[in-house]
Amino acid sequence: MNFQNEFFEKTAKKYPNYIAVDDHGKKITYKNLDVYANKIANFLVKQGCTFNDRVCILTDKNINQYASILGILKSGACWVPLSYLFPIERLTFLIKDIKPKVIITEKNYMKKIQKFKNKAKFIVLDSNKKFAKNVFSNRDIAKQQKIKPKLNNSNSSNMAYIIFTSGSTGKPKGVIVTHENTSQFLNHSSSYFKPAPGLRFAHISELTFDVSIFDIFICWTNAGTIIPFNRRKYRINPFAFFSNNRNINAMFVVPSFFKKLNDIEKFNSKELSKIKYIVLGGEAIPNGL
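These numbers were taken from a predicted model, which means no experiment stands behind them.

What counts, and at which threshold
Residues numbered from 1 in each chain as written. Predicted model: local features only at pLDDT ≥ 70, side-chain atom pairs only at ≥ 80, totals over all residues. Heavy atoms only, no water. Buried < 20%, exposed > 50% of the residue type's maximum accessible area, 1.4 Å probe, protein only. Helix = DSSP H or I, 4+ residues; strand = E, 2+ residues; numbered from the N terminus. Polar contact = N/O pair within 3.5 Å; in protein donor to acceptor, adjacent residues only side chain to side chain. Contact = heavy atoms within 4.5 Å. Phe/Tyr/Trp six-rings, centres within 6.5 Å; stacked < 30°, edge-to-face > 60°. Pairing = 2+ DSSP bridges. Right-handed = clockwise from strand over helix to strand, strands pointing away. Patch = residues over 30% accessible without salt bridge, like charges linked within 9 Å, V, L, I, M, F, W, Y side chains within 5 Å. Areas by Shrake-Rupley, 256 points an atom, 1.4 Å probe, with all protein chains shown as cover. Salt bridge = Lys/Arg side-chain N within 4 Å of Asp/Glu carboxyl O. Lys, Arg positive; Asp, Glu negative; His and termini not counted. Charge placed at Lys NZ, Arg CZ, Asp CG, Glu CD. Arc of directions from axis to C-beta.

Things to note about helix α8 (residues 211–221)
Moving on, step 1. Judged by how many residues are buried, α8 sits mostly within the fold: nine of 11 residues are covered.
Moving on, step 2. For α8, the set of buried residues is S212, I213, F214, D215, I216, F217, I218, C219 and W220.
Moving on, step 3. Trailing α8 by a residue or two, A223 shows a phi angle of about 55°, which is positive.

Description of the side chain of K74
Moving on, step 1. Inspection of the secondary structure assignment puts K74 in helix α3 (residues 63–74).
Moving on, step 2. One polar contact links K74 to D34, side chain to side chain, over a distance of 2.7 Å.
Moving on, step 3. Here K74 is in contact with N5, E9, D34, A37, N38, A41, K148, P149 and L151, once residues within four sequence places are set aside.

Some words on the packing of aromatic side chains
Moving on, step 1. In the structure shown here, the tally under the stated rule is 12 aromatic pairs.
Moving on, step 2. Centre to centre, the rings of F214 and F252 are 5.2 Å apart; their planes meet at 90°, and the pair counts as edge-to-face. Taken together, the residues span a long stretch of sequence, with F214 in helix α8 and F252 in strand β12 (residues 250–253) at a distance of 38 residues.
Moving on, step 3. Accessibility expressed as a relative area gives 10% for F214, which makes it buried.
Moving on, step 4. Look at F252 and you get buried, because its relative accessible area is 17%.
Moving on, step 5. Here the aromatic residues F8, Y30, Y66, F217 and W220 are joined through ring pairs into a cluster of three or more.

Comments concerning the environment of T50
Moving on, step 1. Along the chain, T50 falls in the loop between α2 (30–46) and β3 (54–58).
Moving on, step 2. Sequence separation of T50 and S154 is 104 residues, and the distance between their C-alpha atoms is 9.8 Å.
Moving on, step 3. Setting aside chain neighbours within four positions, we find T50 in contact with S75, G76 and A77.

Describing the side chain of H179
Moving on, step 1. Mapped onto the elements of the fold, H179 is located in helix α7 (residues 179–192).
Moving on, step 2. Setting aside anything within four residues of it in sequence, one finds H179 in contact with N2, F3, Q4, N5, L73, N155, S156, N158, M159 and A160.

A short note on the environment of N249
Moving on, step 1. Topologically, N249 is positioned in the loop between α9 (231–234) and β12.
Moving on, step 2. In sequence terms N249 and L125 are 124 residues apart; their C-alpha atoms lie 30 Å from each other.
Moving on, step 3. Setting aside residues no more than four positions away along its own chain, N249 makes contact with G198, L199, R200, K274, I275, K276 and Y277.
Moving on, step 4. One polar contact links the side chain of N249 to the main-chain carbonyl oxygen of K274, over a distance of 2.9 Å.

A few points about the pairing of β3
Moving on, step 1. Among the five residues of β3, four are classified as buried, and the element is accordingly described as predominantly covered.
Moving on, step 2. Note that β3 and strand β4 (residues 78–81) share four bridges and pair parallel. Its bridge partner lying in β4, V55 is registered against W79.
Moving on, step 3. You can see the chain leave β3, run along α3 and come back into β4, and the turn it takes is right-handed.
Moving on, step 4. Bridge count between β3 and strand β5 (residues 102–105): four bridges; the pairing is parallel. Bridge pairing in β5 places L58 opposite T105.

Regarding a positive patch on the surface
Moving on, step 1. On the surface, a cluster of positive charge is made up of K96, K99, K119 and K171.
Moving on, step 2. Position of K171 among the secondary structure elements: in the loop between β8 (159–164) and β9 (174–178).
Moving on, step 3. What makes K171 exposed here is its relative accessible area of 60%.

Considering unusual backbone geometry
For residues other than glycine, phi is negative in most cases, and the peptide bonds are mostly trans.
Moving on, step 1. The phi dihedral of N134 falls on the positive side, at around 70°, and the residue is not glycine.
Moving on, step 2. Within the secondary structure, N134 is located in the loop between β6 (121–124) and β7 (135–137).
Moving on, step 3. For A223, which is not glycine, the phi dihedral falls at a positive 55°.
Moving on, step 4. Along the polypeptide, A223 turns up in the loop between α8 and β11 (225–228).
Moving on, step 5. Judged by relative accessible area, which is 1%, A223 ranks as buried.

Some details on helix α4 (residues 88–98)
Moving on, step 1. Listed as buried for α4 are R90, L91, L94, I95 and I98. Considered in projection along α4, the buried side chains sweep an arc of 125° and stay on one side of the axis. In α4, the exposed positions angled more than 90 degrees off the buried face are occupied by E89 and K96.
Moving on, step 2. Taken together, the buried residues of α4 touch β3, β4, β5, α5 (107–113) and β8.
Moving on, step 3. Immediately downstream of α4, the backbone of K99 shows phi near 55°, a positive value.

Set out below in structure tokens:
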């Protein structure tokens with residue numbers, strides 16, 4: 001049975017110089033992302049994180065976010081995504097319910113969540129500043145060892161991540177997903193979906209939705225490159241997904257979003273020419289789409 005991080009690690013070992021993430025031209029190889037994640041993992045272990053401890057992620061969709069997911073998994077802890085779209089009331093409820101040991105974030109979000117500094121330690125990944133007690137920065141991460149921490153008695157029934165429901169019928173409820181759950185899903189998906197190594201996968205969904213597991217880990221399992229799309233920039237103009245030579249080869253979208261693309265006058269065979277896979281799900285597919 002695989003652990004969630006191993007789907008990435010196997011590819012990093014086999015294709016170390018392939019590009020794992022391309023964020024608007026800011027690229028990182030599998031080897032370097034693995035090292036970055038190992039450093040985060042070692043720091044988390046030093047902060048006392050162990051199996052089934054919760055570590056929250058509140059960052060933009062970028063290299064820091066992907067390294068955080070892997071680093072938390074490598075430390076044995078469980079990652080829990082938060083979103084900048086959440087109102088402060090929802091964040092307050094979630095953090096009280098999750099009881100995280102650490103919150104990994106970026107400078108843009110410190111003002112929004114600084115009231116929680118007495119609830120957990122903070123890591124601000126896009127800063128090299130020396131902060132006050134219990135707030136750390138990339139300068140602390142950079143000092144850590146490059147190799148993955150050794151964990152004893154790891155178990156596939158341990159928590160890999162927690163996704164919260166929308167709360168539309170009451171309070172949000174945390175759904176626990178174990179390494180065993182994730183491995184079964186990814187192995188099963190891979191048996192149907194076998195793209196060639198090196199394809200470029202659009203990561204469209206927010207990290208707070210399970211679809212991201214497919215986008216990220218099916219990509220990494222097949223030595224692909226993640227192309228992150230932050231919702232703030234692209235939700236108004238879907239056509240912007242295909243500007244600036246993003247060269248997308250695979251995308252997982254809801255039918256209504258793809259219909260928007262199809263309805264845009266400029267959207268034609270030129271933009272579609274490099275797409276090899278379109279996966280539609282989450283809604284009924286209209287006839288003729």
